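# Overview (structure and organization)
In case you want the letters, here they are:
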Amino acid sequence: MSKNITPYKDSTLGKKEQVTQMFDTISGNYDGLNRVISFGIDIKWRRKVLNLVAARNPNNILDIATGTGDLAILMAQTNATKIIGLDISSGMLEVGKKKILDKKLENKIEMIVGDSENMPFPDNHFDAITVSFGIRNFETLDKGLAEILRVLKPNGIFVILETSNPTKTPYKQGYKFYTKNILPVIGKLFSKDNVAYGYLSESASVFPFGEVLNNILHKIGFIDVEAMPQTFGVATIYTASKK
């Protein structure tokens, strides 16, 4: 990332603590607001992630930065017997736990408060690891990715779903206008935290994507790295594995 974007410019807290505070604050209306902001297309993207993971027939899955558990809940459609959702925001996890109880998935999905850059799991533990719209919130990207590599089993699959920036006209100009001018306004109208969605759009605009992120994954030690742009390039799905 070219510069370290944080939610609260005047805060003395580190990025990790600021991100935790922000997500705790917006957890109650996060799901509904995300559907509005993405026009519901994020559901289609997550289903593509599900299909990629399900094809590998994993026994256990870790969903990092799980938030309110949307992707972890979707992963219950695989044959996995154990799914763990990890997040630093207890507020987001509480929303997720209610959703899991409503769907009677509490025996399959466990939600854990934890730091993605220092995870409480042994080496080579998970068949599949996913993270959707979360890696740009890592305080130290390389450290978080190295930790993911550590707990992923050899030949396991790692799938990232993250925002990216369209590179072709007119999508490039339209997306820039939307994220800079429209998205923060929608966030302020519906969120208790006036700066949260400004941070989310700003952090997305400077986060490495495409071949740049591919190169970072290679540098960390991942193999079979591939980037698949979605919806004119406003998001990208990345897949990688481990020797």
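In case you missed it, the structure is sitting above this.
Here's a quick rundown of the structure. Note that the structure is predicted; figures quoted are calculated from it, not measured. (Residues numbered from 1 in each chain as written. Predicted model: local features only at pLDDT ≥ 70, side-chain atom pairs only at ≥ 80, totals over all residues. Heavy atoms only, no water.)

## Comments concerning the overall build of the chain
Along its length, the chain carries 9 helices and 7 strands. Here the C-alpha radius of gyration of the chain, 17 Å, is about what a compact globule of 243 residues would show, namely 18 Å. Considering only C-alpha atoms, the chain reaches an extent of 45 × 40 × 35 Å along its principal axes. The 243 residues of the chain split such that 55% are buried. Taking all contacts inside the chain whose residues are at least 6 apart in sequence as the whole, residues at least 24 apart take part in 73%. A total of about 11,200 Å² of accessible surface is found on the chain, and carbon and sulfur atoms cover 55% of it. Side chains of the chain carry 30 positive and 25 negative charges; the gap between the two charge centres is 5 Å. (Helix = DSSP H or I, 4+ residues; strand = E, 2+ residues; numbered from the N terminus. Rg over C-alpha atoms; globule rule 2.2 N^0.38 Å. Buried < 20%, exposed > 50% of the residue type's maximum accessible area, 1.4 Å probe, protein only. Contact = heavy atoms within 4.5 Å. Areas by Shrake-Rupley, 256 points an atom, 1.4 Å probe, with all protein chains shown as cover. Lys, Arg positive; Asp, Glu negative; His and termini not counted. Charge placed at Lys NZ, Arg CZ, Asp CG, Glu CD.)

## Examining the pattern of salt bridges
What the rule picks out here adds up to 14 salt bridges. Taking the shortest distance from any N to any O, the salt bridge between Glu-110 and Lys-82 comes out at 3.1 Å. Pair noted here: Glu-110 is in strand β3 (residues 109-113) and Lys-82 is in strand β2 (residues 82-87), with a separation of 28 residues, a long-range link. Among the residues examined, Glu-110 registers a relative accessible area of 34% and is labelled partly exposed. Between Asp-127 and Lys-153 there is a salt bridge; the shortest N-O distance is 3.1 Å. Of this pair, Asp-127 sits in strand β4 (residues 126-132) while Lys-153 is found in strand β5 (residues 152-163), placing the two residues 26 residues apart along the sequence. When its relative accessible area of 19% is taken as the criterion, Asp-127 is described as buried. Given a relative accessible area of 28%, Lys-153 falls into the partly exposed group. Through salt bridges that share partners, Lys-16, Asp-115, Glu-117 and Glu-139 make up one connected network. (Salt bridge = Lys/Arg side-chain N within 4 Å of Asp/Glu carboxyl O.)

## Some thoughts on helix α6 (residues 141-151)
Along α6, the positions that sit buried rather than exposed are Leu-141, Gly-144, Leu-145, Glu-147, Ile-148, Leu-149 and Val-151. Residues of α6 that are buried sit in contact with β1 (60-64), β4, β5 and α9 (211-220).

## Notes on the packing of aromatic side chains
The tally for this structure, following the rule as stated, stands at 5 aromatic pairs. For the ring pair Phe-121 and Phe-126, a centre distance of 5.0 Å and an interplane angle of 90° mean the geometry is edge-to-face. The exposure class of Phe-121 is buried, given its relative accessible area of 10%. (Phe/Tyr/Trp six-rings, centres within 6.5 Å; stacked < 30°, edge-to-face > 60°.)

## What to know about the pairing of β1
A large share of β1 lies buried, amounting to 5 of its 5 residues. Of the two faces of β1, the one lined by Asn-60, Leu-62 and Ile-64 and the one lined by Ile-61 and Asp-63 are each fully buried. Pairing analysis gives 4 bridges linking β1 to β4, with the strands arranged parallel. In the sheet register, Ile-61 faces β4, and the bridge partner there is Ala-128. (Pairing = 2+ DSSP bridges.)

## Section: the environment of Ile-237
Following the sequence through the fold, Ile-237 ends up in strand β7 (residues 235-241). On the basis of relative accessible area, Ile-237 is assigned to the buried category, the value being 1%. Expressed as a C-alpha distance, the spacing of Ile-237 and Leu-183, which sit 54 residues apart in the sequence, is 22 Å. Sequence-distant contacts of Ile-237, defined by excluding residues within four places in its chain, comprise Trp-45, Lys-48, Val-49, Leu-52, Val-159, Ile-160, Leu-161, Glu-226, Ala-227, Met-228 and Gln-230.

## Quick look at the environment of Thr-140
Here Thr-140 is to be found in the loop between β4 and α6. Considered as a pair, Thr-140 and Lys-15 are 125 residues apart in the sequence and their alpha carbons are 9.4 Å apart.

## A few points about helix α5 (residues 90-102)
For an α-helix the count is 3.6 residues per turn, leaving residues at separations of three or four pointing the same way. Over its 13 residues, α5 extends 18 Å from the first C-alpha to the last, a length consistent with the 18 Å expected when each residue adds 1.5 Å. Residues of α5 that are buried include every one of Gly-91, Met-92, Leu-93, Gly-96, Lys-99 and Ile-100, and no others. Considering only its buried residues, α5 is in contact with α1 (15-26), α2 (30-38), α4 (70-74), β2 and β3. In the stretch just after α5, Lys-104 is the one whose phi turns positive, near 55°. (Expected span 1.5 Å × (residues − 1).)

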